[in-house]
Amino acid sequence: MAEENKNLAEDAEISGATKESIEETDKFAYSGVEKVDDSRSIEKADAKYTGENIQVLEGLEAVRKRPGMYIGTTASAGLHHLVWEIVDNAIDEALAGYCTNIDVIINEDNSITVKDDGRGIPVDKVAKSGLSGVETAFTILHAGGKFGEGGGYKVSGGLHGVGASVVNALSSWCEVIVHKDGGIFKVRFENGGKIVEPLHRIGDADDHGTTVTFLPDPEMFTETQVYNYDTIKNHLRQMAFLNAGVKLNITDLRPETPVKEEFVYNGGIKEYVTFINTAKLPIEPNVIYCSGAETVTLLDGTTERIYAEIAMQWTDHYNSDGVYSFCNNITTKEGGTHVEGFNLAINRTMNDYARKTKLIDDKTPNFSTDDCKEGLTCVISVKHPNPQYEGQTKTKLGNSEVRKIVSSIVGSQLGQFLLENPDAGKAIVEKIKMAYKGRVAAQKAREATRKTGLEITTLPGKLADCSSKNPADCELYIVEGNSAGGSAKNGRDRETQAILPLRGKILNVEKAREERIFKNAEIGNMITAIGAGIRENFDVSKIRYHKVVIMTDADVDGDHIRILLLTFFYRFMRPLIEGGYVYIAQPPLYKIDYKGNQYYAYNDNQLEQLKKALQLKAGYPFQRYKGLGEMDAQQLWETTMDPKARKMIRITIDDAAEAEKAFSDLMGEEVMPRKQFITERAVFISRDDLDI
Ligand code: 0RA
């Protein structure tokens, strides 16, 4: 995981570095879109294929040689990235005002169809490439830019926006069908973008739109070629939130009964905030919405129009990191100038308001920005024609003009809202006051601890540590219950595996204030065992184990403890999850004794297969494990802990807003969403089954 992150970061840098050439290519390819009649352009293109194709294929060949440079990784995330690319194009058409419906279909063979009802990708000839617009877009690297002048607002960029040609290059086959100007046109590519059926007219149409179908090439995506329904669904839902009014539909044709869901939010990011806050208790019912646009004139006299919108709502939670920021529909994980502008505005506006209304007295010092953000859920979305990205993973927005734009929009519109809604204003200030008091109290407590030397430095007595001191080799098993803890201690590899047994349930950190959390012994044990601090002081480079494995029973209680632990890691040691250091052990559910051998099954499906393979008669007895404690040390080692035989799930976070919602759903006030999760299992984490 860490390795993959590193590659991503490197690749992001490379794709940033080629930014200039992207723009150059755009101009080059589309400086003069020559209008010719369709039949002629197709003939001409035909004649030109031999010459032009060589150059084209060299470009696509480069993508196949270093796919990571274009899509980050060829693992599952890269496979899905192909879909995002094609969907992005359709969303651009929607943002330009020509498309309202986008269908994404996972076909039975794991190919993907993206269908939109936009104007249709141009089918006439592009002078410079000698190919039709569609063929150009799908074969010339970085040609996905603006088609002609005034083609609408084009926002794709950053890590996305590498375009249709990259998808084509990485596909076994790809077909595009365009309905436009009364006709239906088709082109087909095979083997990484080779045109096998040049664009030709196949019929008449009275509608318009583009349908792209592609099958990712298994030679490129060696790890997996199977699309994850939830991953695509979550992405489409996020796109629907970020682009108010655009309807995105997903259909999965793989199951016996196809699955279909639709996402359209006329309230856009306002509804996104409500969605994230589903299980949280708002301080007051309003979601505050601010928006605006500004035209910036650049040194060369050209103008850029920048849009910003912000939606926010305070809840009774204690975290101050509920800000989700986007530029051009892409998450800006590291924040950037839009978030800075927001921080400035919220600090100034809330302090000014609290003073003007005398809700705080003159002696009280100013609230900090974190005070103002405690319990706040906020979505910031900007659309920028020329975004610049910085930071380690190139996910930090760098355009400095954005800071001012966001801060003035939020400053004036949030200020206005507070004046018009004094009850809401009072409730928000009370919440911020509490945050301020909590911060001061926590600081005092921390100082007192330091003075009395009560800081815990010795390892917890319950921890059976491993003998290796090299964190990369070390694993910490957090085990439910003392009896299973005993088996794990006896069965483990003492060199590399440490065991920390937990007594019963740990505290729900989602609902407890800081003081209580720190008094909790189980939590204290985990913090000292892992040895890297917590929250803003958590230093992932200090972790004592590179695998932290949660091992609980396969029952409802085990599920609950696992979720409590994940919530704790998510809130207090998030980089531990983000770095891919957290795992869930997979103990077997069944054991069959047959002719002196033991056979284990990890799910119902495996059990059935096993019965078949062993040709067991119906009714042959098997053991169903109710808990880890039923296994002796040897069995636990063989089935669950032996690195050569075990299967574990690595926890990752795909989408921060989704994860936030999942955790608060699970742990928050409302019981329903939690029940649902426990029975259905989550979507916020991609559950990579790994043989580790
Ligand atoms: C620019 C101009 C025109 C269509 C598109 C872009 C377009 C691109 C994509 C990508 C996916 N779906 C799309 N739909 C449309 C057409 C300009 C015209 O003919 O008036």
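Everything numeric in this text was worked out from a predicted model, so none of it was measured.

Right, let's talk about helix 14 (residues 482-491) for a bit. For helix 14, the complete set of buried residues consists of Ala-484, Gly-485, Ser-487, Ala-488 and Gly-491. Seen from one end, helix 14 has its buried residues packed into an arc of 160°, which puts them on one side. Turned more than 90 degrees away from the buried face of helix 14 sit Ser-483 and Asn-490, all of them exposed. Those residues of helix 14 hidden inside the fold are in contact with strand 16 (475-480), strand 17 (497-502), strand 18 (547-551) and helix 20 (633-641).

Another point: the packing of helix 14 against helix 20. The N-to-C vectors of helix 14 and helix 20 enclose an angle of 80°; their axes lie 8 Å apart at closest approach. Taken together, the axes of helix 14 and helix 20 are roughly perpendicular relative to one another. Of helix 20, the residues touching helix 14 (which contributes Ala-484, Ser-487, Ala-488, Asn-490 and Gly-491) are Ala-633, Leu-636, Trp-637 and Met-641. Here the contact of helix 14 with helix 20 is built from residues that sort into six nonpolar, three polar and no charged.

Once that is clear, we can look at the packing of helix 16 (residues 521-530) against helix 17 (residues 556-572). Taken N-terminus to C-terminus, the directions of helix 16 and helix 17 make an angle of 55°; their axes are 12 Å apart at the nearest point. Regarding the angle of helix 16 to helix 17, the classification is oblique. The hand of the helix 16/helix 17 crossing is right-handed. Contact residues: Ile-523, Met-526, Ile-527 and Ile-530 in helix 16; Leu-565, Phe-568 and Phe-569 in helix 17.

Time to look at the side chain of Asn-249. Topologically, Asn-249 is positioned in strand 7 (residues 247-252). With relative accessibility at 2%, the residue Asn-249 sits in the buried group. At 3.1 Å, the side chain of Asn-249 forms a polar contact with the side chain of Asn-101. Residues within four places of Asn-249 in sequence aside, it is in contact with Asn-101, Ile-102, Asp-103, Val-104, Leu-236, Lys-260, Glu-261 and Glu-262.

Looking now at the pattern of salt bridges. Counted under the stated rule, the structure contains 26 salt bridges. Notably, a salt bridge pairs Asp-371 with Arg-439, separated by 2.7 Å at the nearest N-O pair. Here the residue Asp-371 occupies a position in helix 11 (residues 369-373), and Arg-439 occupies one in helix 13 (residues 422-452), the gap between them amounting to 68 residues. For Asp-371, a relative accessible area of 3% translates into the label buried. Judged by relative accessible area, Arg-439 falls into the partly exposed class, the value being 33%. A salt bridge links Glu-608 to Lys-611; the shortest N-O distance between them is 3.6 Å. Note that Glu-608 and Lys-611 are positioned in helix 19 (residues 604-613) at a spacing of three residues, about one turn of the helix. What makes Glu-608 partly exposed here is its relative accessible area of 44%. Residue classification places Lys-611 among the partly exposed positions, given a relative accessible area of 24%. Because the salt bridges share partners, they merge into one network encompassing Glu-175, Lys-186, Arg-188, Glu-190 and Glu-197.

Conventions we followed
- Residues numbered from 1 in each chain as written.
- Predicted model: local features only at pLDDT ≥ 70, side-chain atom pairs only at ≥ 80, totals over all residues.
- Heavy atoms only, no water.
- Buried < 20%, exposed > 50% of the residue type's maximum accessible area, 1.4 Å probe, protein only.
- Helix = DSSP H or I, 4+ residues; strand = E, 2+ residues; numbered from the N terminus.
- Arc of directions from axis to C-beta.
- Contact = heavy atoms within 4.5 Å.
- Axes fitted to C-alpha atoms, helices over the stretch in contact; angles between N-to-C directions.
- Parallel < 35°, antiparallel > 145°, perpendicular 65-115°, else oblique.
- Nonpolar A, V, L, I, M, F, W, Y, C, P; charged D, E, K, R; others polar.
- Left-handed = near helix turned anticlockwise from the far one by under 90°.
- Polar contact = N/O pair within 3.5 Å; in protein donor to acceptor, adjacent residues only side chain to side chain.
- Salt bridge = Lys/Arg side-chain N within 4 Å of Asp/Glu carboxyl O.

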